[in-house]
Amino acid sequence: MAKKVSKKIKLVIAAGKATPAPPVGTALGPAGINIGEFVKQFNDATREMDGLVPADITVYEDRSFDFVLKTPPASSLIKKVLGIEKGAGKTPSQKVGTITRKQLEEIAQIKMVDLSANDLDTAVDIIAGQCRSMGVEVKG
């Protein structure tokens, strides 16, 4: 018989750097799960990654849990590729960088599993839209 789900929690945590301190502790504490065990499992699973990693945590009535790691947010990948700190404050008049079609394809391939796209071209269009909303000029 399947376990009964009591709560679902979504967190975005730096890869390999989860600690019991806020925001992890404050989000998981009320759910009643062993925070130290979650931190250990998360850090082990994300040790080879870098940047922010979204996690969907399912908490069961017996206080056990499991989690699924997602791909990093598109904005984080875009900032990493362009080497910028943050997006533009005033889009579309302010531009913070330029991205090429090849760079868009690389990001789209990473994000493909989490996007609602059936092919690479559609995924590239989604990522290009994110770029434009961040003040990044799309070339190609």
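Read on for a plain summary of the structure. Note that the structure is predicted; figures quoted are calculated from it, not measured.

Calculation criteria
- Residues numbered from 1 in each chain as written.
- Predicted model: local features only at pLDDT ≥ 70, side-chain atom pairs only at ≥ 80, totals over all residues.
- Heavy atoms only, no water.
- Helix = DSSP H or I, 4+ residues; strand = E, 2+ residues; numbered from the N terminus.
- Buried < 20%, exposed > 50% of the residue type's maximum accessible area, 1.4 Å probe, protein only.
- Polar contact = N/O pair within 3.5 Å; in protein donor to acceptor, adjacent residues only side chain to side chain.
- Phe/Tyr/Trp six-rings, centres within 6.5 Å; stacked < 30°, edge-to-face > 60°.
- Salt bridge = Lys/Arg side-chain N within 4 Å of Asp/Glu carboxyl O.
- Pairing = 2+ DSSP bridges.
- Axes fitted to C-alpha atoms, helices over the stretch in contact; angles between N-to-C directions.
- Contact = heavy atoms within 4.5 Å.
- Expected span 1.5 Å × (residues − 1).
- Arc of directions from axis to C-beta.
- 1 Å grid on protein atoms, 1.4 Å probe; cavity = no way out; pocket = protein on both sides within 12 Å on 5 of 7 lines; lining within 4 Å.
- Points joined across faces, edges and corners; volume = space filled by probe spheres on them.
- Nonpolar A, V, L, I, M, F, W, Y, C, P; charged D, E, K, R; others polar.

Quick look at the environment of threonine 26
Stage number 1. Inspection of the secondary structure puts threonine 26 in helix H1 (residues 24-28).
Stage number 2. Judged by relative accessible area, which is 52%, threonine 26 ranks as exposed.
Stage number 3. Taking the C-alpha atoms as reference, threonine 26 lies 33 Å from glycine 129; in sequence the two are 103 residues apart.
Stage number 4. Looking at threonine 26, its side chain comes within polar contact range of the main-chain oxygen of proline 23, at 3.2 Å.

Side note on the packing of aromatic side chains
Stage number 1. Under the criterion given, the structure shown has four aromatic pairs.
Stage number 2. Taking the centre distance of 5.9 Å and the plane angle of 65° together, the rings of phenylalanine 38 and phenylalanine 65 count as edge-to-face. One end of the pair, phenylalanine 38, is in helix H2 (residues 35-46); the other, phenylalanine 65, is in strand S3 (residues 65-69), and 27 residues separate them in sequence.
Stage number 3. Taking the centre distance of 6.3 Å and the plane angle of 50° together, the rings of phenylalanine 42 and phenylalanine 67 count as tilted. Here the residue phenylalanine 42 occupies a position in helix H2, and phenylalanine 67 occupies one in strand S3, the gap between them amounting to 25 residues.

Considering the pattern of salt bridges
Stage number 1. One pass over the structure, following the stated rule, counts seven salt bridges.
Stage number 2. A salt bridge links lysine 40 to aspartate 44; the shortest N-O distance between them is 3.3 Å. Within this pair, lysine 40 and its partner aspartate 44 are both found in helix H2, separated by four residues, close to a single helical turn.

Some remarks on the sheet that holds strand S2 (residues 52-60)
Stage number 1. Strand order in the open sheet formed by three strands is S1-S2-S3, with antiparallel pairing between adjacent strands. Each of the sheet's edge strands pairs with one partner strand only, and the pair in question is strand S1 (5-14) and S3. Mean inter-strand twist for the sheet, computed between neighbouring axes without regard to direction, equals 20°.
Stage number 2. Sheet topology note: the S2/S3 ladder contains five bridges and is antiparallel. Following the sheet pairing, aspartate 56 is matched in S3 by valine 68.
Stage number 3. Lying over the sheet, H2 contacts S1, S2 and S3, oriented at roughly 25° with respect to S3.

Some details on H2
Stage number 1. End to end, H2 covers 16 Å across 12 residues, agreeing with the expected 16 Å (1.5 Å per residue, within 8%).
Stage number 2. Listed as buried for H2 are Ile35, Phe38, Val39, Phe42, Asn43 and Thr46. Buried residues of H2 fall within an arc of 125° about the axis and therefore sit on the same side.
Stage number 3. The distance from a side-chain oxygen at the start of H2 to the backbone nitrogen of glycine 36 is 3.1 Å, and the residue carrying that oxygen is asparagine 34.

Side note on the layout of surface pockets
Stage number 1. Considering only enclosed or pocket space, the largest pocket measures out at about 160 Å³ in volume.
Stage number 2. What lines the largest pocket is simply Met49, Asp50, Gly51, Leu52, Lys70, Thr71, Pro72, Ser76, Leu77 and Lys80.
Stage number 3. In terms of residue count, the dominant contributor to the lining of the largest pocket is helix H3 (residues 74-82) (three residues).
Stage number 4. Residue classes in the lining of the largest pocket are distributed as four nonpolar, three polar and three charged.

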